Amino acid sequence: MNKHPMTDGQEEKTGTRREFLRNVLAGTIPATVLMVYGPGVLAHREPSELPRGEGIPKAEHYWIYVININNCIGCGNCVRACKAENEVPDKTFRTWVERYIISGEGVHVESPRGALEGFREINAGVRQRAVKSYTVPKMCNHCHHPPCVKVCPVGATFKSPEGFVLVDWEYCIGCAFCVQACPYGARFINPKEHKADKCTWCYHRVKAGKLPACVTVCPNKARLFGDRWDAEAEVTKVFLEDNWLVLKPHLTTDPTCYYVGLGREVI
Amino acid sequence: MKNLSPHTHLYRLGALLAAFFVVFLVVKSWATPASWIDDVDNWYRLDSLEEMKLKPLVFGGNESCKECHGKTYGQFTGNTGNEHKGLSCESCHGPVTRHAKGGKKIADAIRESKSTWQCQNCHLEMINKPKDFPQFKRQAKIKEHAEFLAGLFPEGTVCLKCHAAHDPTPDKCVKKEDPECSSVAKAKK
């Protein structure tokens, strides 16, 4: 007589189930251990930490940038200085200033020629309706988790050990992936060099013991640059008062440009 | 042919892949620069940092001006009540490298700073400027000041007729003997 197909090999089936469970556990337990203690986790950096790893020189400074909106008068000195210091070609900007005009009709944002020549007076009609208005300097935020660095296919753009996000023009192929990846619109393709261009926090100046050009010429201390590890630095004192914000915090790029007195319209 | 293993094609494929892998490693080691940093999500040529340092400076900061203009610099910073004290020279005068080279003057730095636009750019009253920042209105409140400005504004170097750029506090009128100027000063008090 034929055995019933359902009852055939009953014992064997039980064995298979036990084996199956054993296999599942044998796979998941080591995998979980690897995830918690594995090499990927060891390399993981907390937000607000500088790059560290094999071969990376130890950072002596932790440079950060503070922009105080309460002090910005929109003169455009910074934009002009940046152009002069870094030979930024016409119609492109490594830093620019935006003017926000808030009225009952909404928020109007303008940046005529990046505020290269400052701003003009607002006409009387708009002025009367305006509730408030302020100017906001913008530039590369030198993020802790820069999306531009993640997308670079040739390792040309990177986060330096001291916090600068820079572009190695020897390696840049001008593919513009980084230009698209930057949520702050801080990058552009240099029309003369055909390479990705952006604010460097005047790396060459900082390394020579000077301040970035924009900070040097700012007449009203709206732009500050300094070492986060220096307790006496003006930039560090900003953190004693819980009054700072970063741009687009929901993107978790963790910028190192901190804004003081920033309106919610800007974020 | 009889002695060939039934898995020969697999062995051959394996050998080929191994050869490719070796070639890949050789090419990779040859193409990777010595100072290559292989951090997580952050790989780059460490030498590029050294190369970027070599870029020449355009702005020199106040120290570079002090070398030749020590006296002016002393006057500028000497007065504790000077509203312009915290300013950098190059804010108004432009970058030092356009003015001097190797300790010698190559172009005037003063011209740029003497235009009314320069003063106006910071101090003309605008809604976007901080309330506590000193700003002047085109229609001045003080009658004499208004009449005085009306004829000259916005051309020329009208501001500097009364205000010293290095110490602009209006009480310290640069031309006290000038009747125009003293009338404004009186009206202010």
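Per-chain numbering applies: the sequence of each chain, read as written, is numbered from 1 onward. Each chain takes a letter, starting from A, and each ligand takes a number, starting from 1, following the order in which they are written. pLDDT decides what is reported in this predicted model: residues at 70 or higher carry local features, side-chain atom pairs at 80 or more are listed and counted, and totals for whole chains, interfaces and linings draw on all residues regardless.

Trainee: How would you explain the overall build of chain B if you had to name every residue and give the values?
Mentor: Each helix corresponds to a stretch of at least 4 residues labelled H or I by DSSP, and each strand to a stretch of at least 2 residues labelled E; elements are numbered beginning at the N terminus. Counting its regular elements, chain B contains 9 helices and 4 strands. Starting at the N terminus, the α and β elements of chain B follow one another as α-β-β-α-α-α-α-β-β-α-α-α-α. Taken over 189 residues, chain B has a buried fraction of 19%. In chain B, the proportion of contacts linking residues at least 24 apart, taken out of those at least 6 apart, comes to 45%. Residue burial is a threshold on neighbouring C-beta atoms within 10 Å of the residue's own C-beta, all placed from the backbone, with 20 or more meaning buried, 12 or fewer meaning exposed, and counts in between meaning partly exposed. Residue pairs qualify as contacts under a 7 Å threshold applied to their C-beta atoms, which are placed from the backbone.

Trainee: Please give an account of the pairing of strand 11 (residues 257-260) of chain A that cites residues and values.
Mentor: All names here are of chain A. Bridge count for strand 1 (residues 63-68) against strand 11 is 4 bridges, and the pairing is parallel. Considered in strand 11, the bridge of I67 is made with Y259. The sheet contact formed by strand 10 (residues 244-245) and strand 11 spans 2 bridges and is antiparallel. Its bridge partner lying in strand 11, L245 is registered against Y259. Any two strands with at least two DSSP-identified bridges between them are counted as paired.

Trainee: Tell me about the sheet that holds strand 10 of chain A, residues and numbers included.
Mentor: Hydrogen bonds between backbone atoms are what pair the strands of a sheet, whose relative direction is either parallel or antiparallel. Spatially, 4 strands are ordered 9-1-11-10 (chain A) in an open sheet, and the strand pairing comes out mixed. Here the strands that pair on one side only, and so sit at the sheet edges, are strand 9 (223-227) and strand 10 of chain A.

Trainee: An account of the sheet that holds strand 2 (residues 95-103) of chain A is needed here, citing residue identities and associated values.
Mentor: Residues and elements named next belong to chain A. The strand order across the open sheet built from 3 strands is 3-2-4, with neighbouring strands paired in antiparallel fashion. Among the strands making up the open sheet, the edge pair consists of strand 3 (106-110) and strand 4 (130-139). On average, adjacent strands in this sheet sit at an angle of 20° to one another, irrespective of strand direction. The sheet contacts of helix 3 (residues 77-86) involve strand 2 and strand 4, and relative to strand 2 the element is tilted by about 160°. Only the stretch in contact is used when fitting a helix axis, every axis being a line fitted to C-alpha atoms; angles between N-to-C directions are given from 0 to 180 degrees.

Trainee: Residue-level account of the interface of chain B and chain A, with values.
Mentor: Think of interface size as the accessible area that goes away when the parts come together; that is how it is often given. Contact residues are listed per partner, giving 31 residues for chain B and 46 residues for chain A. Mapped by element, the contributors of at least two residues to the side of chain B that touches chain A are strand 1 (36-39), strand 2 (42-45), helix 2 (47-53), helix 5 (89-93) and helix 7 (116-123) of chain B. Looking at the side of chain B that touches chain A residue by residue, the class counts come to 16 nonpolar, 8 polar and 7 charged. The residue classification treats Ala, Val, Leu, Ile, Met, Phe, Trp, Tyr, Cys and Pro as nonpolar and Asp, Glu, Lys and Arg as charged. All others, Gly included, are polar.

Trainee: Which residues make up helix 3 of chain A, and what are the values?
Mentor: Residue and element names in this part refer to chain A. In terms of burial, helix 3 is a largely internal element, 9 of the 10 residues being buried. Every buried residue of helix 3 is accounted for by N77, C78, V79, R80, A81, C82, K83, E85 and N86. In the stretch just after helix 3, E87 is the one whose phi turns positive, near 50°.

Trainee: Please provide a residue-by-residue account of the confidence of the model for chain B, values included.
Mentor: Residues and elements named next belong to chain B. Mean pLDDT over chain B: 79, with 76% of residues reaching 70 or higher. For every residue, the predictor states its confidence as a pLDDT score lying anywhere from 0 to 100. Taking the mean pLDDT of every element in chain B, the minimum, 51, falls on helix 9 (residues 179-188) and the maximum, 95, on helix 1 (residues 8-31). Under the prediction, the complex receives an ipTM of 0.78, its pTM being 0.82.

Trainee: Could you give an account of helix 1 of chain B, with specific residues and numbers?
Mentor: A turn of α-helix holds 3.6 residues, and therefore any two residues three or four places apart point the same way. Multiplying 1.5 Å by the helix residue count minus one yields the expected span of that helix. The terminal C-alpha atoms of helix 1 of chain B, which comprises 24 residues, lie 34 Å apart, in line with the 34 Å expected from a rise of 1.5 Å per residue. Judged by how many residues are buried, helix 1 of chain B sits mostly at the surface: 0 of 24 residues are covered.

Trainee: Quick rundown of unusual backbone geometry? Include the residues and the values.
Mentor: All names here are of chain A. Non-glycine residue A176 carries a positive phi angle of around 70°. Within the secondary structure, A176 sits in the loop between strand 6 (165-167) and helix 6 (177-181). Look at A176 and you get partly exposed, because 16 C-beta atoms sit within 10 Å. With a phi angle near 45°, K248 is a residue other than glycine that sits in the positive phi range. Judged by the 14 C-beta atoms lying within 10 Å of it, K248 is partly exposed.

Trainee: Break down the pairing of strand 3 of chain A for me, citing the residues and quoting the values.
Mentor: Residue and element names in this part refer to chain A. Bridge count between strand 2 and strand 3: 5 bridges; the pairing is antiparallel. Each residue of the ladder has a partner; that of I102, found in strand 3, is V107. Hairpin remark: strand 2 followed by strand 3, antiparallel, with 2 residues in the connecting loop.

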